Amino acid sequence: MLLLIILAASGLHGQDFKFQKKHDYKNNEIERVKPLLQRARDVSESEAVKLYKQAAASFESIYERAIVNEDYELAVVALNNLADTQRRYLAKEKSLETLKRAKQILINHIPVSSILWSETYLNAGVIEHRWNDYYRAIDFLDSAQLLYEKAAEYDSAIYQDILDYKFYAYWYSKSNVDTLLKYIKVRIDFEEAVQKDNFNPDEILYIRQDYPRIYLAKGEYDMALAYAISNYKYLEENSRKIYDGTKHSILYDLAWVLYQKREFQKALDIAMESYTTIPKDVNYTAYLDLTYLMGLLYNGLDQPVESNKYFQKVLDANIDARLGAQRGIFKANALLSVGLNMIAMGKVDEARKLMLESLERVKALVNFPSSDMFQHYRYIGDFYASQNNWNSALLNYDSALRNTELNYPDDILAFPKTDSASKFSFQTLTVLTKKAQALSSMSRQDSVDYLEAALDYVDNTHFKLQKNRNDLYQAEGKLYLSQFFKDLYEAGISAAYQLYMVTKDDRYTHKGFYYAQLSKANLFLEQSKNYQSLVGSNVPYDLKEEYFLISNELQELKNQLYESLDNSVTSDSVIKVNDQILVLQERLLRIKDSIENNYVSGLLQYESEPSAPALIKGQLLMEYFVGKENIYVFGFDASGKVVFRRSPYDSELTSHLETMIAIVSRPPNLNGGDITAQMKDFEASSYFLFKKLVSPVLNQFKAEEILLIPDELLTRIPFEALITRAPQNDSYKTYRYLVRDYKVRYALSSNNLKLGSFEKKATKNILGMGYSGVQSSSQPLRSQFAALPGTDTEIKFLRARFDGTYYLGMEGSKSKFLEEASDYDIIHLAIHGKADSISRFQSSLIFNGQDSLLSTSQLYLANLNARLAVLSACESGTGTSEKGEGTFSIARGFAIVGVDNIVMSLWEVNDKITSEQMVSFYNGFLEQRNDLNTSLRNMKLGYLEANDSYSCHPYYWASFIHLGSNMYFDDGGASKNIMYWLLGFVIVAVLILLIWYRNRKRAY
């Protein structure tokens, strides 16, 4: 709806000035009253009210005389001015009643072509907007814009007010921010048209400031920073025509964006530049805003004492009385911030007193409900939650919600009822999550009611999240929602576990499992949907390639910009890179619009709700959820049996996890007796982790194969290397590892988990590529990576035994991979891999050649049809550990683009031993025709059998894991054998029929 209005508005400029005459109505009586309103801005609050009342009486008198004289146009103008005056000192109902009188006159006496119709609805929208009822404001402003289009006259000031108020009404009501970005362009175009003969960059810059603010609302801090820097450049180019106040506003915006990016020191440098030059006597309000920001920045730098100095300046300030209640609210917020700093300083009792005092100050200034009380209740709730005072935390979170747009009268355990999912802002969803956590943490005799209420809150908040998903999840590819909402799902799992322990009802196990699935599935499903929409559709390859290449170039420029910020945020080099970012961003948006409008629809639609996989006999599914204080594990088998367990995520467990990861991911230490001590540490941690995380569930089932869905730090653990019985003078060679007794494989998510072999889609068998390590002056990047001599053995072994295409040395380039990979069923990459510890999207494979890096985003271009990717490379499985998503890496990239099976490494591997193991693995998989998982397991067992104790250290054999479903090399496997049996049966049947027919013929 809004987009249609925008498109209509964008075509109004010509009509506005060419076909309508200018509205130029002035009345001397009205003009004589207006100075009273201007004087009211410069006096105390009580004096201002007296002037407003005097002006209102004058407008009422003008209206009455106009009615007597049948001057209905003047009557409407007088009522509009009266309503605008009344809103300044009376409740909104009185001013809206005045506008109803104006509307009645319009209906009875004035044609709809009069611009007074539009002005009257605009005033109603402004009143609702000022009273924070943005949804009703939008209704009035929509009508105002439609009526303006029908008017026979134009008034640029009215139209600009419609655009501005409508923009902010949509923004504050949490409408689609992509649409709002387009609306900014409409406003700028209109302002430039108005300024055709009188250029005023200050007004344009005022509108441009909404770009960084909108991108902040989207969570796209990089683009917010880009536009904040662009505004600074615009300021410098037009500095002579821009007011000092605007300059300080631009610097404030730049510092605020950097604050949101948690670049506190850079933000402080910018803010300090403005703080030391801003004239307090000229723009005291802006000075205080900047002072408040300085307090926030020092808080971000963990300097609570220095932070409180600035908040105290706000508290001591003589704020203009004309700001009315906002003056007291501003100071109350500063007092709240002082209290939060006191918590950081360890002064808990003083902090509580200050925070409660700040709340009382706000309550004395506003009427319930009020959004001004929201943050106070929220942070006081956080304070009580940190003290484990969950009853007080619950009451404050509930009070916070009752001061949002929800404004609900229901019982404290009831979820707020509303028909509009769009009315749930992100702040509201945040506190709904916190309330769910408080409900699940209550210890009461009637705790079952509270726990059931917690589940209700989690379910409904999740539902609202999905309804708002396209608006909230604007920063594509980011973990914003999956990170934050893991807290929501943890509250649900905690409540479900407690209810299960009380009732022993397996319904709660399934409920907890459902939340665990959601925590992992959100981002994975979002990204895989993007892939299916773009690559699985009729989008031309050239367009897809351009989209991804621009995305990569844009990311590289953002990284370059980030590095340049270390020197100066406003340097020429930063501004130059920033200009390139904005140009590429505009190109990228045009391509996205083209794809969405011409080829696919619903690019970001959410997939169906998670469902439990169908298991077969002998399989055990174990899914983990790592919470803040507990690790939960769910167990399922084919019979329907379920197990729900919880282990404290304490310092002891953390220590053993870190020890296990540190030992297995490095070769054994040969320095004297250290290797023995290390072995003892390994067996202690490995056996401890088995007893804590695996045994409590595994012992409840009879299983042959374990399907693991790990979470967060657990994604770095090779479960096959866990010791399953107490060591007794064992060594690395003789430990009873989990792999000795069970098949083990992994998955990213149990939602729609594939359990068996699937039909071959590719036309060719194997594509193998090996890294040569050849360097030349034309390939400076390659010098970073050492040669991998063992890869020759891998690739040559495959080439000698199995039909396929193999490239070594310079032939194994990235371009060759992208050109040919889609034709192959198995992709074997014996090349370097590098996981980026900062950006999961920048994990890369390094091919041969000058253009050698293949990042995750470029992987989509290969249009893979493979069922198996073997990543025989360094660090191919490692990556950042994020809430809800675990290790992100090149391996995850292959899974997202549809490769059903991945064999990958959890740490950097010795390339010689890797090559030997790959030979063993493929011998079982390709020659002996074992299934994939059995082949990998036999490779490990064979290695343990053939090597000595030192070489049996898990570093050498446990790195490679199997992620995904299972398969045989060719589509035959089991199905091919069946076909042979069927063919044999048909042949035998035909022979029998022939014999029967011949005998029968002889009988005749």
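Residues numbered from 1 in each chain as written. Predicted model: local features only at pLDDT ≥ 70, side-chain atom pairs only at ≥ 80, totals over all residues. Heavy atoms only, no water.

For the chain, an unreviewed UniProt entry supplies the name CHAT domain-containing protein and the organism Roseivirga thermotolerans.

Turning to the overall build of the chain, a few remarks are in order. Counting its regular elements, the chain contains 39 helices and 18 strands. For the chain, the proportion of its 1004 residues judged to be buried stands at 56%. In the structure as shown, the chain presents an accessible area of about 43,900 Å², 49% of it carried by carbon and sulfur atoms. (Helix = DSSP H or I, 4+ residues; strand = E, 2+ residues; numbered from the N terminus. Buried < 20%, exposed > 50% of the residue type's maximum accessible area, 1.4 Å probe, protein only. Areas by Shrake-Rupley, 256 points an atom, 1.4 Å probe, with all protein chains shown as cover.)

Quick look at the packing of aromatic side chains now. Taken as a whole and judged by the stated rule, the model has 38 aromatic pairs. Ring geometry for Phe682 against Tyr732: centres 5.6 Å apart, planes inclined by 55°, an arrangement best described as tilted. Residue Phe682 is found in helix 31 (residues 674-698), and its partner Tyr732 is found in the loop between strand 6 (705-709) and strand 7 (743-746); the two are separated by 50 residues along the sequence. The same class applies to Phe682 as to Tyr732, namely buried. Directly above the ring of Phe625 sits Lys486, whose terminal nitrogen or CZ lies 4.6 Å from the centroid. A cation over an aromatic ring shows up here: Lys504 above the ring of Tyr500, its NZ or CZ 5.5 Å from the ring centre. (Phe/Tyr/Trp six-rings, centres within 6.5 Å; stacked < 30°, edge-to-face > 60°. Lys NZ or Arg CZ within 6 Å of the ring centre and 35° of its normal.)

Moving on, we come to the pattern of salt bridges. The tally for this structure, following the rule as stated, stands at 36 salt bridges. The closest approach of N and O atoms between Glu31 and Lys34, which form a salt bridge, is 3.5 Å. Of this pair, Glu31 and Lys34 both sit in helix 3 (residues 28-40), 3 residues apart, which is roughly one turn of the helix. On the basis of relative accessibility, which here comes to 33%, the residue Glu31 falls in the partly exposed class. (Salt bridge = Lys/Arg side-chain N within 4 Å of Asp/Glu carboxyl O.)

This part covers helix 28 (residues 541-564). Between its first and last C-alpha, helix 28 extends 34 Å over 24 residues, near the 34 Å set by a 1.5 Å rise per residue. When we look at burial in helix 28, the residues that qualify are Leu543, Lys544, Tyr547, Phe548, Ile550, Ser551, Asn552, Leu554, Leu557, Lys558, Leu561 and Ser564. (Expected span 1.5 Å × (residues − 1).)

It is worth spelling out the packing of helix 3 against helix 5 (residues 72-86) at this point. At their nearest, the axes of helix 3 and helix 5 sit 11 Å apart, and the two run at 5° to each other. What the angle tells us is that helix 3 and helix 5 run roughly parallel. Contact with helix 3, carried on its side by Glu29, Ile30, Lys34 and Leu37, involves Leu74, Val77, Ala78, Asn81 and Thr85 of helix 5 and no other residues of that element. Across the contact of helix 3 with helix 5, the residue classes break down as 5 nonpolar, 2 polar and 2 charged. (Axes fitted to C-alpha atoms, helices over the stretch in contact; angles between N-to-C directions. Parallel < 35°, antiparallel > 145°, perpendicular 65-115°, else oblique. Contact = heavy atoms within 4.5 Å. Nonpolar A, V, L, I, M, F, W, Y, C, P; charged D, E, K, R; others polar.)

So, on to the side chain of Glu712. Mapped onto the fold, Glu712 is located in the loop between strand 6 and strand 7. Exposure remark for Glu712: the relative accessible area of 17% places this residue in the buried category. A distance of 2.7 Å separates the side chain of Glu712 from the side chain of Lys486, its partner in a polar contact. (Polar contact = N/O pair within 3.5 Å; in protein donor to acceptor, adjacent residues only side chain to side chain.)

Right, let's get into the packing of helix 13 (residues 221-237) against helix 14 (residues 244-260). Relative to each other, helix 13 and helix 14 sit at 160°, their axes nearing to 9 Å. One finds that helix 13 runs roughly antiparallel with respect to helix 14. In this structure, the crossing between helix 13 and helix 14 has a hand that is left-handed. Contacts from Tyr221, Ala224, Leu225, Ala228, Ile229, Asn231, Tyr232 and Leu235 of helix 13 reach helix 14 at Lys247, Ile250, Leu251, Leu254, Val257, Leu258 and Gln260. (Left-handed = near helix turned anticlockwise from the far one by under 90°.)

With respect to the helices, strands and loops of the structure, Ser695 is situated in helix 31. Here Asn699 takes part through its side chain, which lies 2.7 Å from a polar atom of the side chain of Ser695.

Between its terminal C-alpha atoms helix 14 stretches 24 Å, which fits the 24 Å expected from 17 residues at 1.5 Å a residue. What helix 14 keeps buried is the set Thr246, His248, Ile250, Leu251, Asp253, Leu254, Ala255, Val257, Leu258 and Tyr259.

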